[in-house]
Amino acid sequence: MKRRVVITGLGIVSPVGNDLKTVWDNIINGRSGIDRITRFDPSELNSHIAGEVKDFDVSDFIPKKEIKQMDTFIHYGVAAGMLAWQDSGLEVTEENADRIGSIIGSGIGGLQRIEEMQKEYLERGARRISPFFVPASLINLVSGQLSIRLGLKGPTYAVVSACTTGLHSIGDAGRLIEYGDADVMIAGGTESSVTPLGVGGFAAMRALSTRNDDPQAASRPWDIDRDGFVLGEGAGVLVLEEYEHARRRGAKIYGELAGYGMSSDAHHITAPDQDGPRRGVEMALRNGGINPDSVQYVNAHGTSTPLGDKNETEALKLVFGEHAKNLVVNSTKSMTGHLLGAAGGVEAVFTALAVYNQISPPTINLQNQDPECDLDYCANEARDMQIDVALSNSFGFGGTNGSMIVKRV
């Protein structure tokens, strides 16, 4: 018999804040974290905007002498992981250490450090390559660093599946608990690719919004004038715990991870396909034994791309049929931008908070709804509502899809 899995800790580093109170206040009030890029001069690119993390002091989480040994994506992931752990109120002991692990992934990993080291090598030679270069860039080192800092001796590794990474990490971690390989897991995604190559690569694909004169209105899912996504950065991490384990210690429970589904489009490396997302959502519902008409809220992938938004709308209508018109669907990417491998983690935090607080965040900038996107997208204003069952979607390059269900407890 599968064991139940609940969410008992949340941690976030994001364009809209780096603690739960600030983040939720900004999200519910529709405040965008998107602005002109400050990390480098983007003027040679067609997109000059991003959702950058602000007012983040990594020395609050990592000793100063170790900071340079890690890329920024590791800083964000470790910070979000430690914040989630603190929020959970759990402690690691000799008795439980081998029952606690971590799966925090990234879609791209240490791109910033790779760019910096290549420049150093070309300008100053091979002797300038840092001995920390490789461990500073490896994606599994987020979980590795957390395991070292907290003393976690259970399953500790990384998932990499492009923009579905964060959600797949959470789903896989939940399964480890369900089937008895762990009692507690720290899981989510992290990303820091607001770099010349990171932004430049997506700009070269014509995937990014070029609404450079109005950054906070640039990410506009389901709006007829959407023109691409806005790159974001940060990390979102959950503490997952076996239900009885959490109940015995009187833990605060944000919600239950009640279903998880995966699928592949087998269609195209970047162009979306309705059938893959449909099957992923159906698998999550089947895994949780949940009737489609019991779902009330969807935190959508909702990237603000012309094809992607329409595709997800059609997939939801295929899954839910007539009930699709009763769903409240929103895209928090309208405020954060698209955090790539961290998106599923950050949006799982938002989904858990939506269930816990019984509020749907808004989709901001939805001024002129695309007639081909004809669901209720909670336009511009948060909504108090009953949310017993919520769905969160993530879709990634390569046609990889993930869907998770959070139930009210």
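Shown above is the structure to which this text applies.
Bear in mind the structure is a predicted one, so any value in this text is a computation, not a measurement. Within any chain, residue numbers begin from 1 and follow the written order of that chain's sequence. With pLDDT at 70 or above as the cut-off, local features in this predicted model cover only qualifying residues; side-chain atom pairs require 80 or more to be listed or tallied, and sums for whole chains, interfaces and linings still use all residues. Note that the side-chain values use all heavy atoms of the structure and ignore hydrogens as well as water.

Before we go on, may I ask you to explain the sheet that holds strand E9 (residues 297-299) in this structure?
Two strands in a sheet stick together by hydrogen bonds in their backbones, pointing the same way (parallel) or opposite ways (antiparallel). The mixed open sheet is built from ten strands, whose spatial order is E5-E4-E6-E7-E1-E8-E14-E13-E9-E10. The sheet is open, and its two borders are formed by strand E5 (156-157) and strand E10 (328-330), each paired with just one other strand. Contacts were defined at the residue level, with two residues in contact if any of their heavy atoms lie within 4.5 Å. What counts as an axis is a line fitted to C-alpha atoms, over the stretch in contact for a helix, and the angles between N-to-C directions run from 0 to 180 degrees. Counting from the N terminus, the helices are DSSP H or I runs at least four residues long and the strands are E runs at least two residues long. Most of the contacts of helix H7 (residues 165-178) go to strand E6 (residues 184-191), to which it runs at about 170 degrees, and overall it touches strand E1 (5-13), strand E4 (100-105), E5, E6, strand E7 (234-242), strand E8 (255-264), strand E13 (389-396) and strand E14 (400-407). Seen against the sheet, helix H11 (residues 306-320) touches E9, E10 and E13 and runs at an angle of roughly 135 degrees to E13. When DSSP finds two or more bridges between two strands, those strands count as paired.

Please clarify how the packing of helix H10 (residues 275-288) against H11 should be interpreted in this entry.
The geometry of a pair of packed helices is captured by two quantities: the angle between their axes and the separation between those axes. Running from N to C, H10 and H11 point in directions that differ by 45 degrees, and their axes come no closer than 8 Å. When the axes of H10 and H11 are compared, the pair comes out oblique. Viewed along their axes, H10 and H11 form a crossing whose handedness is right-handed. Contact residues: Pro277, Arg278, Val281, Glu282 and Leu285 in H10; Asn311, Ala315, Leu318, Val319 and Phe320 in H11. Residues of the contact of H10 with H11, tallied by class, amount to seven nonpolar, one polar and two charged. Throughout, the term roughly parallel applies to angles under 35 degrees, roughly antiparallel to angles over 145, roughly perpendicular to angles from 65 to 115, and oblique to all others. Crossing handedness follows the turn of the near helix against the far one: under a right angle anticlockwise gives a left-handed crossing, and clockwise gives a right-handed one. When residue character is reported, Ala, Val, Leu, Ile, Met, Phe, Trp, Tyr, Cys and Pro are called nonpolar, Asp, Glu, Lys and Arg charged, and the others, Gly included, polar.

Help me understand a nonpolar patch on the surface in this model?
Residues qualify for a patch when their relative accessible area is over 30% and they have no salt bridge, like charges being joined within 9 Å and the nonpolar side chains of Val, Leu, Ile, Met, Phe, Trp and Tyr within 5 Å. For every accessible area listed, the method is Shrake-Rupley and the probe measures 1.4 Å; residues are considered covered only by the protein chains on display. Should a side-chain nitrogen of Lys or Arg be within 4 Å of a carboxyl oxygen of Asp or Glu, the pair is scored as a salt bridge. A contiguous nonpolar surface patch, about 300 Å² in accessible area, is contributed by Tyr121, Leu122 and Ile129. Here tyrosine 121 falls in the partly exposed class, since its relative accessible area comes to 40%. The rule is simple: take the accessible area with a 1.4 Å probe, protein chains only, and divide by the maximum for that residue type; under 20% is buried, over 50% is exposed, in between is partly exposed.

What is the right way to read the pattern of salt bridges from this model?
Here the idea is simple: oppositely charged side chains can pair when their charged atoms come close. The tally for this structure, following the rule as stated, stands at 25 salt bridges. Ionic pairing is found between glutamate 241 and arginine 249, a salt bridge with its closest N-O pair at 2.8 Å. For glutamate 241, a relative accessible area of 0% translates into the label buried.

Mind showing me how you'd approach the pairing of E6 here?
Looking down a regular strand, the side chains alternate between one sheet face and the other. In terms of residue burial, E6 counts as a mostly covered element, since eight of its eight residues are buried. What you see with E6 is no split at all: Val184, Ile186, Gly188 and Thr190 on one side and Met185, Ala187, Gly189 and Glu191 on the other are buried throughout. Bridging between E4 and E6 involves six bridges; their strand directions are parallel. Paired with isoleucine 100 across the two strands is valine 184, which belongs to E6.

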